[in-house]
Amino acid sequence: MHVENKEVESDGLYLVENARADAEIFRADSPVNRRVVDVQPVYAEQTEEEEDEELRPTPTTMQYKTYGIASASEEGKINTRASSEKSKIFSKKEKIAIAVVISVIVAMFVLIIVNSAILSGISSDMGSLQSSLTDIKASYASVSDKVNEYLANAVKNAEQFAILSGLIK
């Protein structure tokens with residue numbers, strides 16, 4: 001058996017690296033590690049106390065006495081249900097929770113994309129309204145200047161109209 005020992009200075013413990021267990025006790029198929037399934041019952045001489053019914057163990061007590069032997073024989077069997085459950089990464093509830101979280105995230109992305117499209121459409125409409133507003137303001141200014149000019153010359157224009165119409169001589 002090849003073992004390298006290194007002492008850890010802070011704890012005073014030994015650190016074993018590259019150790020190989022070759023002893024008989026470490027082998028799974030050794031007779032030392034085999035569990036005894038067939039246990040022979042041991043009979044003792046019965047005394048007067050054991051003959052009394054109240055002093056005898058109940059079937060429930062006997063069940064616990066043989067439980068260790070039954071569990072030792074069942075340990076060697078492969079449990080396919082447990083191995084299949086170990087292969088599952090997430091339980092059903094965890095999968096549902098993950099699906100809900102992912103759907104919420106996807107819904108948020110969809111809402112962001114839709115809102116950005118709506119906002120860009122509104123922004124382009126606002127740009128066109130701004131340009132038409134400046135055109136309307138320019139035409140309003142020219143019309144307003146003409147109205148003010150007519151109002152300033154209203155009396156003079158009325159006299160000329162009256163003279164041309166023959167109302168005033």
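What you are looking at is a predicted structure, and each value in this text was computed from that prediction instead of being measured.

Trainee: So, the overall build of the protein chain: which residues are in play, and what are the values?
Mentor: From N to C terminus, the protein chain includes five helices and two strands. Going from the N terminus to the C terminus, the protein chain shows its helices and strands as β-β-α-α-α-α-α. Considering only intrachain contacts with a sequence separation of at least 6, the fraction spanning at least 24 residues in the protein chain is 13%. Surface summary for the protein chain: the accessible area is close to 16,100 Å², and the carbon and sulfur share equals 60%.

Trainee: Provide a residue-level description of the environment of Phe90, including the pertinent values.
Mentor: One can find Phe90 in the loop between helix H3 (80-87) and helix H4 (92-152). Overall, the relative accessible area of 42% leaves Phe90 in the partly exposed class. Excluding anything up to four places from it in sequence, Phe90 contacts Lys95 and Ile98.

Trainee: Tell me about a nonpolar patch on the surface, and please be specific about residues and values.
Mentor: There is a patch of nonpolar side chains on the surface, built from Ile89, Phe90, Ile98, Ile102, Val106, Val110, Val114, Ile118, Leu119, Ile122, Met126 and Leu129 and spanning about 1,100 Å² of accessible area. On the secondary structure map, Val106 appears in helix H4. Look at Val106 and you get partly exposed, because its relative accessible area is 45%.

Trainee: Just give me the short version of helix H5 (residues 154-165), but keep the residues and values in it.
Mentor: Taking 1.5 Å of rise per residue, the 12 residues of H5 would be expected to cover 16 Å, and the 16 Å separating its terminal C-alpha atoms lies within 8% of that figure. At the exit of H5 stands Gly166, carrying a positive phi of roughly 90 degrees.

Trainee: Residue-level account of the confidence of the model for the protein chain, with values.
Mentor: On average, the protein chain scores 76 in pLDDT, and the residues at 70 or more come to 61%. Of all secondary-structure elements in the protein chain, the lowest mean pLDDT belongs to strand S1 (residues 4-7), at 50, while H4 reaches the highest, 94.

Reading guide: rules and limits
- Residues numbered from 1 in each chain as written.
- Predicted model: local features only at pLDDT ≥ 70, side-chain atom pairs only at ≥ 80, totals over all residues.
- Heavy atoms only, no water.
- Helix = DSSP H or I, 4+ residues; strand = E, 2+ residues; numbered from the N terminus.
- Contact = heavy atoms within 4.5 Å.
- Areas by Shrake-Rupley, 256 points an atom, 1.4 Å probe, with all protein chains shown as cover.
- Buried < 20%, exposed > 50% of the residue type's maximum accessible area, 1.4 Å probe, protein only.
- Patch = residues over 30% accessible without salt bridge, like charges linked within 9 Å, V, L, I, M, F, W, Y side chains within 5 Å.
- Salt bridge = Lys/Arg side-chain N within 4 Å of Asp/Glu carboxyl O.
- Expected span 1.5 Å × (residues − 1).
- pLDDT = per-residue confidence, 0-100.

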